Amino acid sequence: MSIHHQWAAMPPLGWNSWDCYGAAVNEEEVRGNAQYMAEHLKPYGWEYVVVDIQWYEPGAVSSAYRPYVPLEMDAFSRLVPAANRFPSATDGQGFKPLADYVHSLGLKFGIHIMRGIPRQAVHADTPILGTNASARSIAKTWNGAICKWNTDMYGVDPSKEGAQAYYDSLFQLYASWGVDYVKVDDIADSLLYGIQLDEIQLIRKAIDTCGRPMVLSLSPGPAPLEYAEELKANANLWRMTDDFWDIWRLLYGMFERCEKWAPHVGSGSWPDCDMLPLGHIGIRSVDGGASDRWTRFTKDEQKTMMTLWAIFRSPLMFGGELRDNDEWTLSLLTNEEVLDALRNGRNPRQLYREEERIVWTSEGTDGVRYVALFNAGDEVQTVQVTSSQLGIDSIGSVRNLWNREELSTPDELSFTLEPHASMLLKLSL
């Protein structure tokens with residue numbers, strides 16, 4: 001295990017601004033969500049507050065990017081927060097005042113960045129800190145090396161002198177701000193051009209030498225399974241899906257993705273099911289097929305998503321406006337028994353799938369076995385599993401983790417589930 005794996009020994013839990021604010025979150029909203037997390041979620045292990053894409057774009061209004069607009073940038077080709085949206089960033093302070101506030105709450109601060117170097121830096125051929133190379137000399141500007149859905153950046157050519165110095169300077173800046181978590185986009189899968197492993201390796205080296213531990217998250221997905229070892233060697237988490245929204249077919253598809261990636265789940269390196277589109281989302285985000293709304297998932301679907309993410313041990317990044325949470329939404333995030341399954345389950349795997357009846361399991365400590373039963377179909381079905389299927393002599397005591405209740409000890413686990421519903425059980429053998 002590399003040292004960076006210790007920085008995310010358990011799946012990270014946090015809030016990300018994308019699902020509710022798109023590219024247009026502001027400082028007041030970040031501070032407000034951080035305060036809510038500190039007051040309501042921190043005791044349950046939630047700790048990361050992440051500002052998503054385009055914090056350097058003064059005119060951002062939604063998740064619909066404005067193409068080819070001026071961005072806030074320093075003298076060394078590095079993007080900096082737009083002060084009209086983040087007033088504490090004035091006078092060259094960057095995100096340090098906001099990160100200091102988040103840290104004062106006992107939480108950790110994260111940012112989203114795009115792979116590469118700003119196009120406006122390349123066009124102006126601005127300098128790079130720590131090298132005689134300039135922005136234009138390290139950029140990959142040809143078709144096939146640039147992002148197809150955002151016009152902010154060109155790629156960086158790792159063969160060029162100054163490429164590593166550029167990324168080093170970026171992460172030195174982020175370290176000076178107090179950043180704890182960096183989500184890098186257009187890199188795990190660049191949609192048309194696949195994984196950008198060369199830039200991932202530049203970033204890994206830059207973090208390792210910046211003097212501050214930073215959790216590294218890679219987006220978007222699906223990250224290629226054939227690069228699992230390289231992803232584990234360089235990152236803490238990586239998306240195994242494209243943007244995930246509150247649409248049942250996307251949740252249905254996650255079962256197959258989780259089955260494929262389950263052998264690669266391990267301490268410090270986490271295949272990522274993406275964000276939790278729960279609560280009040282779409283406030284200034286037009287993605288996901290609908291604007292300002294509460295999640296379109298039914299309550300059964302919300303529990304199914306949380307159950308799959310927990311048994312699989314995915315990172316949890318809440319996407320809604322936390323301050324608007326109702327009692328139900330808060331209950332999904334503060335069930336310590338479900339979160340214990342996420343943290344303490346080992347060797348998560350799909351035990352079997354028979355059409356739309358799906359059973360997952362993982363092993364806890366001291367003879368504990370976690371079992372998740374899913375009805376992924378559109379009709380009521382009975383889902384069951386026997387002790388022999390689980391590879392144990394007897395079922396033992398059974399606890400329903402969502403309902404927080406003990407169940408009678410049966411010879412087999414058999415439950416009638418509503419469409420798209422699930423159960424998460426803890427067996428004490």
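Residues numbered from 1 in each chain as written. Predicted model: local features only at pLDDT ≥ 70, side-chain atom pairs only at ≥ 80, totals over all residues. Heavy atoms only, no water.

### Regarding the sheet that holds strand β5 (residues 139-140)
And step 1. In spatial order, the strands read β4-β6-β5; together these three strands make up an open sheet with antiparallel pairing. The strands lining the two open edges of the sheet, one partner per strand, are β4 (117-118) and β5.
And step 2. Two elements, β5 and strand β6 (residues 153-156), share two bridges in a ladder whose sense is antiparallel. Looking at β6, one finds that Ala139 is bridged to Val156. (Pairing = 2+ DSSP bridges. Helix = DSSP H or I, 4+ residues; strand = E, 2+ residues; numbered from the N terminus.)

### Focus on the sheet that holds strand β19 (residues 405-407)
And step 1. Spatially, β14-β15-β16-β21-β18-β19 is the arrangement adopted by the six strands of the open sheet, whose pairing is antiparallel. Each end of this open sheet is capped by a strand with a single partner; those strands are β14 (346-354) and β19. Within this sheet the neighbouring strands show an average axis-to-axis angle of 25°, counted without direction.
And step 2. Relative to strand β16 (residues 368-375), strand β15 (residues 357-363) is paired through seven bridges, and the arrangement is antiparallel. Residue pairing for β16: Glu363 is matched across the bridge by Arg369.
And step 3. Taken strand by strand, helix α10 (residues 299-312) contacts β14, β15, β16 and β21 (422-428), and its axis lies near 145° from that of β16.
And step 4. Taken strand by strand, helix α12 (residues 336-344) contacts β14, β15, β16, β18 (397-400) and β21, and its axis lies near 110° from that of β16. (Axes fitted to C-alpha atoms, helices over the stretch in contact; angles between N-to-C directions. Contact = heavy atoms within 4.5 Å.)

### Comments concerning the UniProt feature "domain: Alpha galactosidase C-terminal" (unreviewed entry) in the protein chain
And step 1. On the UniProt side, "domain: Alpha galactosidase C-terminal" (unreviewed entry) is annotated at positions that read residues 356-427 here.
And step 2. As annotated, residues 356-427 comprises 6% helix and 56% strand, and the C-alpha atoms at either end are separated by 23 Å. (UniProt positions renumbered as here; feature names shortened; annotations may be inferred.)

### Some details on unusual backbone geometry
And step 1. Put simply, Ser219 and Pro220 share a cis peptide bond, and its omega is -20°.
And step 2. Take Pro220: it is sitting in the loop between β8 (215-218) and α8 (228-234).
And step 3. In this model, Gly221 is joined to Pro222 through a cis peptide bond whose omega is 5°.
And step 4. As for its position among the elements, Pro222 is in the loop between β8 and α8.
And step 5. For Ser77, which is not a glycine, the phi torsion comes out positive at approximately 70°.
And step 6. For Ser77, the position within the fold is in the loop between β2 (48-51) and α3 (96-104).
And step 7. Phi is positive for Asp274, which is not a glycine, with a value near 85°.
And step 8. Note that Asp274 resides in the loop between β10 (270-272) and β11 (280-281).
And step 9. Exposure remark for Asp274: the relative accessible area of 7% places this residue in the buried category. (Buried < 20%, exposed > 50% of the residue type's maximum accessible area, 1.4 Å probe, protein only.)

### Quick notes on α10
And step 1. Given a rise of 1.5 Å per residue, 14 residues ought to cover 20 Å, and the 20 Å separating the end C-alpha atoms of α10 matches this to within 8%.
And step 2. Glu301, Gln302, Thr304, Met305, Met306, Thr307, Leu308, Trp309, Ala310, Ile311 and Phe312 are the residues of α10 that are buried. (Expected span 1.5 Å × (residues − 1).)

### Quick word on α12
Because each turn of an α-helix spans 3.6 residues, side chains separated by three or four positions in sequence point in the same direction.
And step 1. Of all the residues in α12, the buried ones are Glu337, Val338, Leu339, Ala341 and Leu342.
And step 2. Measuring from the backbone nitrogen of Glu337 back to the side-chain oxygen at the start of α12 gives 3.0 Å, which picks out Asn335 as the cap. (Polar contact = N/O pair within 3.5 Å; in protein donor to acceptor, adjacent residues only side chain to side chain.)

### Brief notes about empty space enclosed by the protein
And step 1. Counted according to the given criterion, the structure contains three cavities of 30 Å³ or more.
And step 2. By volume, the largest cavity amounts to about 80 Å³.
And step 3. Every residue lining the largest cavity is listed: Asn16, Val50, Tyr181, Lys183, Ser217, Ser219, Arg239, Asp272, Asp274, Met275 and Met317.
And step 4. Residues belonging to the lining of the largest cavity are distributed by class as follows: four nonpolar, three polar and four charged.
And step 5. In this structure, the second largest cavity encloses a volume near 70 Å³.
And step 6. Around the second largest cavity, the lining residues are Trp55, Tyr56, Leu79, Ile113, Met114, Gly116, Pro118, Met153, Tyr166, Leu170 and Tyr174.
And step 7. Elements that contribute at least two residues to the lining of the second largest cavity include exactly β3 (108-114) and α6 (163-177). (1 Å grid on protein atoms, 1.4 Å probe; cavity = no way out; pocket = protein on both sides within 12 Å on 5 of 7 lines; lining within 4 Å. Points joined across faces, edges and corners; volume = space filled by probe spheres on them. Nonpolar A, V, L, I, M, F, W, Y, C, P; charged D, E, K, R; others polar.)

### Concerning the state of the cysteines
And step 1. Scanning the entire structure with this criterion turns up zero disulfides.
And step 2. In this structure Cys20 is a free cysteine whose sulfur lies 20 Å from that of Cys273, the closest cysteine sulfur available.
And step 3. On the accessibility criterion, Cys20 (0% relative accessible area) is buried.
And step 4. Cys273 carries a free sulfur, and the closest cysteine sulfur to it, the one in Cys258, is 3.7 Å from it. (Disulfide = S-S within 2.5 Å.)

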